[in-house]
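# Geometric and topological summary
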Amino acid sequence: MAYFEWGDDLSVGNSLIDHDHQRLIALVNDLHTATTQGEGREVVGGILTELITYTRAHFQREEHHMQAVRYPKLAEHRRLHQELLEKVLELETRHKAGHVTVAAQVSTLLRDWLSIHIRRADKEFAASSAARGLGSTYPGERALVQPPGAKTRMP
Ligand SMILES: [Fe+2]
């Protein structure tokens, strides 16, 4: 059994966001495996950087969706993202300074934070969108999948 298991109860009903969350979970598992198997600072640091880069990009995508639909709680949601990022970046700084054991704290922090954040805050956004008649897909999703001006290929 994986350290952090994806389950249907984590789905927010949007395939792009779900995909992002699954990728984040995979990276948290990679980090956990690397730290528990005693991988060196370079390997762990590499995964840590990838995880932080992906987390940041994912938050931006989510906030972009929220902005596109004028989500009333965007500022509050963004604050949650920023608080988490600050904590993770602080741990990364300590890791770079030679405190190698903090990498394990990052996987624990992200596992605990994501499992609550997705179930509460991200699902609250999905429910709010549905209640406002926006369905389970967000405007802008098509633009993310297909760049503007891309030709639709007919079967
Ligand atoms: Fe979020």
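Now for a quick tour of the structure. All values derive from a computational prediction rather than experimental measurement. Think of each chain on its own: its residues are numbered from 1, step by step along the sequence as written. The predicted nature of this model means local features are confined to residues of pLDDT at least 70 and side-chain atom pairs, given and counted, to a pLDDT of 80 or more, with totals for whole chains, interfaces and linings taken over all residues.

## A look at the packing of helix H1 (residues 15-36) against helix H2 (residues 41-68)
Note the following rule: Between the N-to-C directions of two axes lies an angle of 0 to 180 degrees, each axis being a line fitted to C-alpha atoms and, for a helix, fitted only over the stretch in contact. Runs of E in the DSSP output that reach at least two residues are strands. Runs of H or I that reach at least four are helices, and both are numbered from the N terminus. In this scheme, roughly parallel covers angles under 35 degrees and roughly antiparallel covers those over 145, while 65 to 115 is roughly perpendicular and the rest are oblique. Note: crossing handedness is left-handed where the near helix turns anticlockwise from the far helix by less than a right angle, and right-handed where it turns clockwise. A residue pair is marked as a contact if its C-beta atoms, positioned from the backbone, fall within 7 Å. When residues are grouped by polarity, Ala, Val, Leu, Ile, Met, Phe, Trp, Tyr, Cys and Pro land in nonpolar, Asp, Glu, Lys and Arg in charged, and all others, Gly among them, in polar.
For the pair H1 and H2, interaxial distance at closest approach is 10 Å and the crossing angle is 160°. Our classification of the angle between H1 and H2 gives roughly antiparallel. Two packed elements cross with a definite hand, and for H1 against H2 that hand is left-handed. For the pair formed by H1 and H2, the contact residues are Ile17, Asp20, Arg23, Leu24, Leu27, Val28, Asp30, Leu31, Ala34 and Thr35 on the first element and Val43, Val44, Ile47, Leu48, Glu50, Leu51, Tyr54, Thr55, His58, Arg61 and Glu62 on the second. When its residues are assigned to classes, the contact of H1 with H2 shows twelve nonpolar, three polar and six charged.

## Remarks on the nonpolar core
The line we're drawing: Put simply, a nonpolar core is a cluster of buried Ala, Val, Leu, Ile, Met, Phe, Trp, Tyr and Cys residues tied together by C-beta atoms within 7 Å. For the exposure call, what matters is how many other C-beta atoms sit within 10 Å of a residue's own: 20 or more marks it buried, 12 or fewer exposed, and in between partly exposed, using C-beta atoms placed from the backbone.
Core analysis: the biggest nonpolar cluster contains 17 residues, and Val28, Leu31, Ile47, Leu48 and Val106 have the highest contact counts within it. Mapped by element, the contributors of at least two residues to this core are H1, H2, helix H3 (74-96) and helix H4 (102-131). If one sorts the elements of this core by residue count, H1 sits on top with six residues. Not counting residues within four places of it along the chain, the set of residues in contact with valine 106 comprises Leu31, Leu48, Val88 and Leu91.

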